[in-house]
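# Reading the structure
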Amino acid sequence: MILAGCDGDRTWRLQDYVARGGYAALRRIVAEKIPQDTIIGELKTSVLRGRGGAGFPTGLKWSFMPRSFPGDKYLACNSDEGEPGTFKDRDILRYNPHSVIEGMAIAAYAMGAARGYNYIHGEIFEVYQRFEEALAEARAAGLIGQNILGSDFSFELFAHHGYGAYICGEETALLESIEGKKGQPRFKPPFPASYGLYGKPTTINNTETFASVPFIMNMGGEAFLNLGKPNNGGMKLFSVSGHVNRPGNYEIPLGTPFSELLEMAGGMRGGRKLKAVIPGGSSAPVVPGSVMMDCTMDYDSISKAGSMLGSGAVIVMDETTCMVKALERLSYFYFEESCGQCTPCREGTGWLYRVVHRIENGLGRPDDLDLLNSVTANIMGRTICALGDAASMPVQSFVKHFGAEFEYHIENKKCLVPPEVQRAGSQIYVSPSC
Amino acid sequence: MLSQESLQQIDREIAKYPSDQKQSAVMAALRIAQVEKGWLPKELIEFVARYLDMPPIAAFEVASFYNMYDLHPVGRHKITVCTNLPCALSGGVHAGEYLRQKLGIGFNETTPDGKFTLKEGECMGACGDAPVLLVNNHHMCSWMTTEKIDQMLADLDKK
């Protein structure tokens with residue numbers, strides 16, 4: 001859908017998007033003066049759920065905006081994609097940037113927002129530059145700016161470039177960052193819909209969520225819903241990384257069996273055996289391979305398997321993976337990226353990392369697994385934002401499903417998977433199709 | 001303290017935000033300043049703060065919070081390699097080892113000739129392109145085999 005008909009770096013410009021049917025939805029909405037409630041109603045029918053990770057229904061979120069509020073209202077697009085395993089928004093922005101611009105313009109119309117910002121991840125400066133170019137094209141064509149397409153609807157849209165902070169993917173940290181501050185999350189409530197950017201009502205959606213909106217407006221909410229399965233409307237981009245033959249983005253209907261997605265990604269690298277999958281980005285609980293093979297890729301199925309669909313980032317690990325080492329790397333990430341505001345997260349993430357690190361390095365103690373569980377229990381639910389939970393869930397799930405491997409480490413002071421096997425399994429691998 | 005061109009770029013960033021919210025441009029202004037000067041000494045951060053009518057400490061908070069700002073001098077080319085889990089499964093750690101061996105330095109070190117600084121980075125949102133390197137914060141290099149790393153280092157060496 002979003003990436004259908006896109007040909008890499010060659011077809012991202014305005015004329016290409018228009019040739020694919022782009023901006024038809026915005027034109028129709030503006031020309032026919034379609035009521036705001038109709039648009040929000042269509043989104044509710046589509047059961048589009050937030051593609052950034054939380055899966056919150058988009059139509060419902062939009063209905064929280066106080067449309068009658070007379071002052072400034074803002075939109076923000078969350079393209080601060082830094083969750084390990086996730087790399088879909090980068091492809092949407094570089095291969096189909098106008099779908100995001102059109103989606104945001106429709107959102108602005110539906111919620112009465114006059115200004116928006118797209119917050120783009122620091123490490124993808126080249127993509128930020130391309131989005132700026134796309135914005136210039138849209139502005140020149142009268143698709144954003146004052147009196148869009150000659151109507152009385154105006155919407156200014158700008159790109160804001162991050163500079164390296166995972167936490168800014170948290171929506172209130174993102175707002176702080178646009179305000180020119182450290183990206184430290186705000187306490188909620190008040191929620192952004194009442195107190196957002198510069199203290200004004202603000203709605204924040206993920207890149208893929210906005211990009212889906214024009215398609216929903218064109219095909220209708222019902223048709224979009226039917227692409228997926230009940231309560232899990234539409235198509236979704238899945239970023240597949242790790243031990244597969246063809247890592248990359250795959251846009252498939254929600255509800256597609258995991259086994260089919262794995263096949264699309266070329267199957268397991270070297271024909272090795274699937275060990276575990278993190279199905280929704282590094283913050284989602286790990287799922288053993290055998291359980292995963294019975295799952296379909298949608299919010300409800302993955303939730304039933306004890307994890308989260310999250311951002312749709314599927315990290316595939318084969319039998320050469322040492323689960324302790326894998327967790328050690330993830331735990332270091334959360335320790336590094338904790339913003340330091342809340343004590344349980346600031347201290348707890350460091351504690352988790354140090355304990356996993358010592359287990360991996362043969363210095364684990366018999367009660368370390370209990371200690372890990374106790375530390376996570378004292379982080380979860382006791383912090384302003386979800387980073388503390390995000391750091392805890394991998395630890396809990398790795399220990400739960402692969403506890404024997406951790407115990408082996410503690411008792412034998414070495415990995416269950418021999419180091420040379422691990423080394424061979426994590427060699428530099430580039431798919432021949434790249 | 002900054003060139004006319006940099007100041008013009010900063011002015012374009014300021015124009016993106018409401019007129020009473022100049023501070024919103026601080027991230028971009030620090031980036032532009034860093035591109036011109038190579039890193040962000042204290043005086044430069046203070047200059048940016050004054051330019052945006054914000055307290056210097058608030059600009060320093062931003063410069064020290066986001067990890068792509070360099071508060072200490074770096075080599076002419078800063079190479080950041082992602083070693084996070086998804087990249088590591090496809091050779092990110094090996095790419096880092098290869099770079100350390102080729103350059104003869106460890107992470108967070110600079111070659112004696114001042115040409116290269118090597119850093120270990122966190123997720124760049126490009127896991128499908130592993131191994132991934134970032135050159136001077138702004139140029140992403142995908143699918144970096146040892147041959148491509150050799151070529152990249154040779155190209156950078158000439159610059």
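Residues numbered from 1 in each chain as written. Chains lettered and ligands numbered in written order. Predicted model: local features only at pLDDT ≥ 70, side-chain atom pairs only at ≥ 80, totals over all residues. Heavy atoms only, no water.

Condition: UniProt positions are given in the numbering used here, feature names are shortened, and annotations may be inferred rather than shown by experiment.
Looking at an unreviewed UniProt entry, one finds chain B named NADH-quinone oxidoreductase subunit E, with Thauera propionica as its source organism. Recorded under Sequence similarities (unreviewed entry), the UniProt text for chain B is reproduced unchanged: "Belongs to the complex I 24 kDa subunit family."

Chain A goes by NADH-quinone oxidoreductase subunit F in an unreviewed UniProt entry, where it is assigned to Thauera propionica. What UniProt states about chain A under its Function (unreviewed entry) heading is, verbatim, "NDH-1 shuttles electrons from NADH, via FMN and iron-sulfur (Fe-S) centers, to quinones in the respiratory chain." Database annotation for chain A, UniProt heading Sequence similarities (unreviewed entry): "Belongs to the complex I 51 kDa subunit family."

## Topic: the packing of aromatic side chains
The cut-off we apply is this: When the centres of two rings from Phe, Tyr and Trp lie within 6.5 Å, Trp using its six-membered ring, the rings pair. Their planes under 30 degrees apart give stacked, over 60 give edge-to-face, and anything left gives tilted. With a 1.4 Å probe rolled over the protein chains alone, any residue whose accessible area is under 20% of its type maximum counts as buried; one over 50% counts as exposed, and the rest are partly exposed. Numbering of helices and strands runs from the N terminus; a helix is a DSSP stretch of H or I covering at least four residues, while a strand is a stretch of E covering at least two. Over a ring means this: the NZ of a Lys or the CZ of an Arg is within 6 Å of the ring centre and within 35 degrees of the ring normal.
Applying the stated rule across the entire model yields 17 aromatic pairs over all chains. Relative to A:Phe64, the ring of A:Phe56 has its centre 6.1 Å away and its plane inclined at 45 degrees; by these criteria the two rings are tilted. Note on A:Phe64: relative accessible area 47%, which makes it partly exposed. Both rings, one in A:Tyr332 and one in A:Phe335, keep their centres 6.1 Å apart while their planes meet at 75 degrees; by these two values the pair is edge-to-face. One end of the pair, A:Tyr332, and the other, A:Phe335, are both in helix H14 (residues 323-337), three residues apart, so they sit about a helical turn from each other. For A:Tyr332, a relative accessible area of 28% puts it in the partly exposed group. Exposure remark for A:Phe335: the relative accessible area of 33% places this residue in the partly exposed category. Taken together, the aromatic side chains of A:Tyr163, B:Phe65, B:Tyr66 and B:Tyr69 make up a single cluster linked through ring pairs. Directly above the aromatic system of A:Tyr299 lies the positively charged group of A:Arg49, at a separation of 4.3 Å from the ring centroid. Between the NZ or CZ atom of A:Lys236 and the centre of the ring of A:Phe238, over which it lies, the distance is 5.8 Å.

## Comments concerning the packing of helix H5 (residues 88-95) of chain A against helix H9 (residues 207-219) of chain A
Residues and elements named next belong to chain A. Stated precisely, the cut-off is as follows: Axis geometry follows a simple rule: fit a line to the C-alpha atoms, using only the stretch in contact for helices, then measure angles between N-to-C directions, giving values from 0 to 180 degrees. Note on terminology: angles under 35 degrees are roughly parallel, angles over 145 are roughly antiparallel, angles of 65 to 115 are roughly perpendicular, and the others are oblique. The criterion used for residue contact is that any of the two residues' heavy atoms lie within 4.5 Å. In this classification, the charged set is Asp, Glu, Lys and Arg, the nonpolar set is Ala, Val, Leu, Ile, Met, Phe, Trp, Tyr, Cys and Pro, and all remaining amino acids, among them Gly, are polar.
Put simply, H5 and H9 touch, their axes get as near as 9 Å, and they point 45 degrees apart. For the element pair H5 / H9, the angle class is oblique. Where H5 abuts H9, its residues Lys88, Asp89, Ile92 and Leu93 lie against Thr207, Glu208 and Ala211. Taken together, the residues of the contact of H5 with H9 sort by class into three nonpolar, one polar and three charged.

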